Each structure stands twice: as structure tokens, then as C-alpha cells.
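Inside the fold
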Amino acid sequence: MKTFRCDCGNYLYFENSQCLACGRIAGYLPDERKLSTLEPWAENIWLATSNRQSYRQCKNWLDYDVCNWMVLERDEHVLCVSCRLNQLIPNLAEPQNVTLWYRVEQAKRRLLYTLYNLNLPVVGRAQDPEGGLCFEFLQDINVRGEFDNAVTTNQSVVTGHHSGKITINLREADHSARIEMRDKMNERYRTLLGHFRHEAGHYYWNRLIEGTSRIDYFRELFGDERNNYQQALNDYYKFGPPSSWQEQWVSTYASSHPWEDWAETWAHYLHIVDTVETAHDFGFRIQGCDISLPQAGVQMGNDYSTSVVFDTLLDDWRRLSVALNALNRSMGLDDAYPFVISGVVLNKLRFIHQTVIQVNRQSLPAFIPSQNAVTG
């Protein structure tokens, strides 16, 4: 994640819709991939100070204040390119759902920021009705306050992916409920953003691996995905991971099936890229060494041009993650990155990195917003 600054010099966070120092309105410009301050121009028309182009606020910003992305004035859509990917939003008759939806949208937009900056194809349902990317944010119908294990029948909504559709259980946006689930599942890390990155991994397995020349090498590294998926999950929940799971997998869940191994490793790749980019933009130095820009062999932004090889990315990440964990412990918090990257996992991450590079060399479309959305 890049850092952004207001015209007054104050730092702006990716989620900001206003500068807290000078009060200027700020919005994210997807076409420019930057957060910009805005000047009022006409009714719901704003002039971006960064490029002097005119924009409208996303309808979900105006109506619910859950978005801070802008829409080009000449664009006929009332929703931004992020919100157009929504097929189902929460029931807003329940007041607490607006807050939960806001948190979900924050995580989704961070995912999209990285996907666009990696120049990965984001193909919506308008272009691909059967397998295009879309999102559903649903809530359980069981008694409020309960948050049951996803493998039981008591939880009606399971976070997951199917043919491009990513479903997020809205209770994952409830901090106490998510921590309760994390403890039930004996997980050391569970975040909304992690869910989005994991489920996006399934989407990109279908887009970048299935039916391509990469499938053979995928099977060498991750295993044969043709093995019965449901049986593999049943075995995992019944018996748990192998005792030596850390030698081959980045997490216990990754050991359940090759598809989950890919999705977990993909999520970690996005964790690494986004966090290292943030550290680079803040000018971090660890043990006297600068943190380099984590490019995937392509330009990560309009003002970035230096390529960084995968080994440099991982070296930076190792040093940075150690420092992050130490800082968290100093604050009495859990480790920011409680994982070990073994040699086997390193090769899997390298394969994902190489896949991203190959996609860019093939010049696949980097920015294909969905043209419609249905809410309900």
C-alpha cells in the first residue's frame, strides 16, 4: 500500500474520505490509483487536485458512507468500480450491519488495490456471467451472538468461493465473533483482509492455473487437485494436519487439499507484497538495509519503475516480519506474522510470483470493472 498526502502535507490513509488536519474532502481515484483531495465543482461533481479531472462520489459513499472511491464524471454508473462487483449487500434494515458492511468494504478495496497494482485481470460478471468476480456479504440466521464452527450445520453462511463468487459471512466483520472463531479453529491469524485474499486465490486458480500449461508444475508443488475435495476437508477437520505440516505448508489449513494450499499461499503472497510496499513507501530501513519496492517484474504504480527480483522481496520480508513481530510484542500484541516460510513454501511463493510475471507479459487486461451490480 502506497502512502498518500493531502495538499496541506498531512498523511492520508487509504480509507480516508477527509483530511483530519485541514478538513479537505479526499477520495480514491481508481483510474489514477491514488488518493486525492477534492474541490467542489458542481452538484456532486468534484475536481481532483491531483489531476484536475472531474469525478462523482460513489453512491454507496453518498447514501451509506461505506466507500471513498470516486467515479469519473463521464462514467454513466452511479457506483464505483469496486462497488459494482457487489451482487448482494447486507440487510441494512439492521443498523449494526452498516458498520459491519463498512469494514467488509475496507478489506475488499484493499484487496482490489493490490490486484490492480499487480496488473492482474479483474473480470466482473458483466464480461463473464458464469465465472466473473463478484461478492456477496451475507449474515447467519441463527441466534445473534452465536458464531459456530463453519463445519457444523448451525452456521448458515460459510465464507467461500464458487465460480468467481466470493461469499463473506458478515460476522467476520464483528471483531469479537471473529476472535472467538479464531480460537475455536485454533488459528493464530484470522482477519477480514485475509479472507478476501484467500478467496481471491481460488478465483485466480481458475483464471491462471486451471486448463493452462502451468497445471503440471502446480501439481508438482501443491499436489493433485483432482483428489476428492470434500473428503479431504472431512479428513482435515476429523484428524487435523500432519504433525510435520510446517515443513510443507504455510498454515495448517493449507494441508487439507491442493486448492486450499494454493489459496493460502496466494493470500500470503499478497500479504507480503502489500506490507513490503507500505514499508518501502514509508522509507523503512531494517538493520541498515532499505526495504525495496516489491514489484512483480512490472510497474506497481505510475511513479514506480525499479524492478525487484523475488529473492530480494523475500529477504526484505523476512527482516521486516521479524521487526513487525518484535514491535507487536513490545506493545503486548500477538505476532503480526506468526508463520514460518519453509523451503517448500518458498518454492510455492516463487511459483505464484512467476505466474504473476507471466500474466503481465501476456498483457492480460489489468482493469476491467464490472458494468452492473444487484443489491439486496
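Note that this is a predicted model, so its numbers are computed, not measured. (Residues numbered from 1 in each chain as written. Predicted model: local features only at pLDDT ≥ 70, side-chain atom pairs only at ≥ 80, totals over all residues. Heavy atoms only, no water.)

**Digging into the sheet that holds strand β10 (residues 160-162)**
Strand order in this open sheet of 4 strands is β8-β9-β11-β10, and the pairing throughout is mixed. Edge strands, defined here as strands with exactly one partner in the open sheet, are β8 (86-88) and β10. For this sheet, the mean angle separating the axes of adjacent strands, direction not counted, is 25°. The strands that helix α2 (residues 96-117) touches are β8 and β9 (134-138); relative to β9, the one it contacts most, it runs at about 155°. (Pairing = 2+ DSSP bridges. Helix = DSSP H or I, 4+ residues; strand = E, 2+ residues; numbered from the N terminus. Axes fitted to C-alpha atoms, helices over the stretch in contact; angles between N-to-C directions. Contact = heavy atoms within 4.5 Å.)

**Observations concerning helix α4 (residues 192-208)**
Compared with the 24 Å implied by 1.5 Å per residue over 17 residues, the 24 Å span of α4 between its first and last C-alpha is a close match. Within α4, 15 of the 17 residues are buried, which leaves it mostly tucked inside the rest of the structure. (Expected span 1.5 Å × (residues − 1). Buried < 20%, exposed > 50% of the residue type's maximum accessible area, 1.4 Å probe, protein only.)

**Points about the pattern of salt bridges**
Throughout the structure, instances matching the rule amount to 24 salt bridges. E136 is the partner of K165 in a salt bridge, and the nearest nitrogen-oxygen pair spans 3.3 Å. On the criterion of sequence distance, the pair formed by K165 in strand β11 (residues 165-169) and E136 in strand β9 is long-range, its members being 29 residues apart. Look at K165 and you get partly exposed, because its relative accessible area is 26%. Each of E15, R110, R197 and D274 takes part in one network of salt bridges that share partners. (Salt bridge = Lys/Arg side-chain N within 4 Å of Asp/Glu carboxyl O.)

**Examining the environment of G27**
Here G27 is to be found in strand β3 (residues 25-29). G27 sits 43 residues away from M70 along the chain, and the two C-alpha atoms are 6.1 Å apart.

**Observations concerning unusual backbone geometry**
A positive phi is found at R33, a non-glycine position, where the angle reads about 55°. One can find R33 in the loop between β3 and β4 (34-42). R33 sits in the partly exposed class, given a relative accessible area of 22%. One non-glycine residue with positive phi stands out, namely D65, at about 55°. As for its position among the elements, D65 is in the loop between α1 (59-64) and β7 (70-72). Judged by relative accessible area, D65 falls into the partly exposed class, the value being 48%.

Function cannot be read off these values alone, since they describe shape.
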